[in-house]
Amino acid sequence: MSGPNYRATSAADRKRVLQEVQPGLLGLMDGSVSTLAPIFAAAGATGKPFSAFLVGLAASLGAAISMGLAEALSDDGAISGRGSPVRRGMITGLSTGIGGMLHTLPFLIPDMTTALRLAYLVVAVELIAIAWIRYRFMGGRLVQTIVQVVIGGAIVFGIGVALGKIGAS
């Protein structure tokens, strides 16, 4: 496994991508993007970093459990070759929780301005990292992958900010 745009060449490499990388990427993407709106809506509506943290924690844990179960129950892996459903579910659930918590943690900082600035930076790094992982293991052009992931994240982020402004007024 080398090179900027990895291509699985052996059966073992393809199996690893299908059974580990893809469920992990799915979880990171869902955790990072699906928790943006609730966290930033709570931050805007309450003006309290710890309230945003609690919403982010709840959203991250809920999404992790939901995505882990959904992946584990989606198929038994026998026909699809996707491997052990419990293992895939654990990988997806853990990755979802991590993806949601990374931009939640800055809201432990008591100053809202500082928490928001750090959270914005973390979100940007998350989205670029997801795009790079997707590019690296799933192929495609890097710029196109970044644009797709960032646009999706920006839409959800914008919804959260807009709802937070409505809640604050």
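- Per an unreviewed UniProt entry, the protein goes by the name Transmembrane protein and belongs to Agrobacterium genomosp. 2 str. CFBP 5494.
- The annotation that UniProt attaches to the protein under Subcellular location (unreviewed entry) is "Endomembrane system".

## Examining the packing of aromatic side chains
Then comes step 1: Overall, the coordinates contain five aromatic pairs when judged by the stated rule.
Then comes step 2: Relative to Phe 157, the ring of Phe 40 has its centre 4.9 Å away and its plane inclined at 75 degrees; by these criteria the two rings are edge-to-face. Linking Phe 40 in helix 2 (residues 36-46) with Phe 157 in helix 6 (residues 142-168), this pair joins segments that are 117 residues apart in sequence.
Then comes step 3: Accessibility expressed as a relative area gives 24% for Phe 157, which makes it partly exposed.
Then comes step 4: Ring geometry for Phe 50 against Phe 53: centres 5.8 Å apart, planes inclined by 25 degrees, an arrangement best described as stacked. Here Phe 50 pairs with Phe 53, and both are found in helix 3 (residues 49-74), just three residues apart, close to one helical turn.
Then comes step 5: What links up through ring pairs into an aromatic cluster is the set Phe 40, Phe 107, Tyr 120 and Phe 157.
Then comes step 6: Residue placement shows Arg 136 over the ring face of Phe 137; its charged tip is 5.1 Å from the ring centre.

## Here's the deal with the side chain of Thr 96
Then comes step 1: Along the chain, Thr 96 turns up in helix 4 (residues 85-102).
Then comes step 2: A polar atom in the side chain of Thr 96 sits 3.4 Å from the backbone oxygen of Gly 27.
Then comes step 3: A polar contact is formed between the side chain of Thr 96 and the backbone oxygen of Thr 92, at a distance of 2.7 Å.
Then comes step 4: Look past the residues within four positions of Thr 96 in its chain and what remains in contact with it is Gly 27, Leu 28, Asp 30, Gly 31, Ala 63, Ala 64 and Met 67.

## Here we look at the pattern of salt bridges
Then comes step 1: Across all of its chains, the model carries six salt bridges by this definition.
Then comes step 2: Linking Arg 16 and Glu 20 is a salt bridge whose minimum nitrogen-to-oxygen distance equals 3.8 Å. Separated by four residues within a single helix, Arg 16 and Glu 20 lie in helix 1 (residues 11-34), roughly one turn from each other.
Then comes step 3: Judged by relative accessible area, which is 29%, Arg 16 ranks as partly exposed.
Then comes step 4: The exposure class assigned to Glu 20 is partly exposed, which follows from its relative accessible area of 28%.
Then comes step 5: Here Arg 88 and Asp 75 are joined by a salt bridge, their closest N and O atoms 3.9 Å apart. With Arg 88 in helix 4 and Asp 75 in the loop between helix 3 and helix 4, the pair connects residues that are 13 residues apart, well separated along the chain.
Then comes step 6: By relative accessible area, Arg 88 is classed as buried at 1%.
Then comes step 7: Judged by relative accessible area, Asp 75 falls into the partly exposed class, the value being 23%.
Then comes step 8: Through salt bridges with shared partners, a single network forms among Glu 71, Asp 75, Arg 82 and Arg 88.

How each quantity is defined
Residues numbered from 1 in each chain as written. Predicted model: local features only at pLDDT ≥ 70, side-chain atom pairs only at ≥ 80, totals over all residues. Heavy atoms only, no water. UniProt positions renumbered as here; feature names shortened; annotations may be inferred. Phe/Tyr/Trp six-rings, centres within 6.5 Å; stacked < 30°, edge-to-face > 60°. Helix = DSSP H or I, 4+ residues; strand = E, 2+ residues; numbered from the N terminus. Buried < 20%, exposed > 50% of the residue type's maximum accessible area, 1.4 Å probe, protein only. Lys NZ or Arg CZ within 6 Å of the ring centre and 35° of its normal. Polar contact = N/O pair within 3.5 Å; in protein donor to acceptor, adjacent residues only side chain to side chain. Contact = heavy atoms within 4.5 Å. Salt bridge = Lys/Arg side-chain N within 4 Å of Asp/Glu carboxyl O.

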